[in-house]
Amino acid sequence: MSMAAVITGLGGWLPPKIVTNSELCETLDSTDEWIRTRTGIQERRVVTAGLSTRDIAVAAGARALKSAGESATDAVVVATTSADRLCPAVAPEVAHLLGLDTVAAFDLTSACSGFLYGLAVSAGLIAAGTAESVLFIGAEAFTTLVNPADRNTRPIFGDGGGAVVLRAGEPDRMGTLGPIDLGSDGAKADLLAIPAGGSRQRAESGGLGFDAVPTGDWYLHMSGRALYTQAVERMTQSSRTALARAGWQVEDVDWFVGHQANARIVAAVAEELELPAERVAGNIDKVGNTLAASIPLLLTDYVDQGVLRPGDRVLLAAFGAGLSWGATTLVWPELTVDSFR
C-alpha cells in the first residue's frame, strides 16, 4: 500500500538586506503609498553580491532538516524560477552542500505555483516508494530578474527560501497532505514571462550576440490586470476543488494560506470563498512576493509567532506563471522552527 506524505519539518530563510518602499522610490517613479495600496508591500529582502538561489536553498533546507530532527533524506527537490544557472540544476549542489551527496536531486519550475507543484511531486516520490523522505525547498533570488526601472514589477518581488521535510506515514497523521489539485493554461503564458534567455530567444556566440536581444527582454514582463483576474478565478476554483476532494467545507478552514503575490488578490480569493479576514494568513508586507518560497515562508512565520497551531485545518493555494495554479489541504502538525526575522 502506498504511503501518504507527511510534513515533519519546516524552515525558512531570508537575505539580511532589507529594501523599503521609500528606498526603492529614490530611483523609481513611484511612491510608498502607491506601492502599499496596490500590493500591500512595505519592504522586501534582496540578495547582495555573493548570495544566490543556491545559498538561500541551503540555508532554508538546513533549517527544515533541523526542525524535522533529521540529518539525511532520500531526495532533494528545489522549486525555483531563478536558478543560479540555466544548466545544471541547482538541487544537486544544494544536496552536496547539505551533506546529502548521491541522493536524487532535481529542480522544477512553476514560478509562484512551485510550492504546490513541488508538494505533489514530492508526495509522488513517496507514494511510489522511490523515497522514504524528501527535502523540498522553494528558493528564489528573483529580484535579479526584474527590471530595476520598471515601477510595475520591481516593487513586487523579494528574495528568500522556505522548505519542508516530507516523510512517508499513515494517512491519518497530522501533517499529511490532502488531495492536491493542479492546473495550467499555456494559452495565456505570455501574461507573465521573461522573453529572452531560453532556446526561443537566445544570445548566440559568433552570431547575433547579446546586442541583438532588446535589453528589456532579459527581464520579467507582466500584464497586471489580466493576471489579477486569472489569479482570483483560478485560485478560487482550485481551492474549492481541493476542499471538495478532502471532504471539507469552507467553514472547516482555520487558515487560508495563499501565495503572497498581492494582498488584494489574496483578499479577493478569500472573499470569493466566503472566508472571514481573520482566517486569512499574510506576511507580504514584510517580504514581498517570493514566488516558490512564499507559502513555506508564511507557514514558518506563523508557526514561529505561535499563530498556526497543531490541529489547525489549513488550505494552501497558489497561482503563477505558466499560467499555473494549485491547492491542497492539511491538518497542521506539531513542529518547532527557527525564526527568520
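Because the structure is predicted, anything quoted here is derived from the model rather than measured.

The next thing to look at is the sheet that holds strand S12 (residues 313-320). Judged by pairing direction, the sheet is mixed, and its four strands sit side by side in the order S8-S13-S12-S11 without closing on themselves. Sheet topology places strand S8 (181-184) and strand S11 (255-258) at the edges, where each strand pairs with a single neighbour. The sheet shows a mean angle of 15 degrees between the axes of neighbouring strands, direction not considered. Strand direction decides the pairing type here: S11 and S12, joined by four bridges, are parallel. Opposite Phe 256, over in S12, you have Leu 315 as the bridge partner. In the packing of helix H5 (residues 114-127) onto the sheet, contacts are made with S8, S12 and strand S13 (324-331), and the angle to S13 comes to roughly 60 degrees.

Here the structure, examined in full by the defined rule, presents nine salt bridges. Among the ionic pairs, Lys 66 bridges to Asp 338, the shortest N-O distance being 3.0 Å. Of the two residues, Lys 66 sits in helix H3 (residues 53-68) while Asp 338 sits in the segment after S13, which places them 272 residues apart along the sequence. Overall, Lys 66 belongs to the exposed group, its relative accessible area being 55%. Looking at Asp 338, the relative accessible area reads 27%, which means it is partly exposed. Residue Arg 234 is joined to Asp 185 by a salt bridge in which the shortest nitrogen-to-oxygen separation is 3.5 Å. Of the two residues, Arg 234 is situated in helix H6 (residues 224-246) and Asp 185 in the loop between S8 and strand S9 (192-193); the sequence distance between them amounts to 49 residues. Summarising the burial analysis for this pair, Arg 234 and Asp 185 share the class buried. Residues participating in the shared-partner salt-bridge network are Arg 54, Asp 55, Arg 85 and Glu 93.

Criteria and thresholds
- Residues numbered from 1 in each chain as written.
- Predicted model: local features only at pLDDT ≥ 70, side-chain atom pairs only at ≥ 80, totals over all residues.
- Heavy atoms only, no water.
- Pairing = 2+ DSSP bridges.
- Helix = DSSP H or I, 4+ residues; strand = E, 2+ residues; numbered from the N terminus.
- Axes fitted to C-alpha atoms, helices over the stretch in contact; angles between N-to-C directions.
- Contact = heavy atoms within 4.5 Å.
- Salt bridge = Lys/Arg side-chain N within 4 Å of Asp/Glu carboxyl O.
- Buried < 20%, exposed > 50% of the residue type's maximum accessible area, 1.4 Å probe, protein only.

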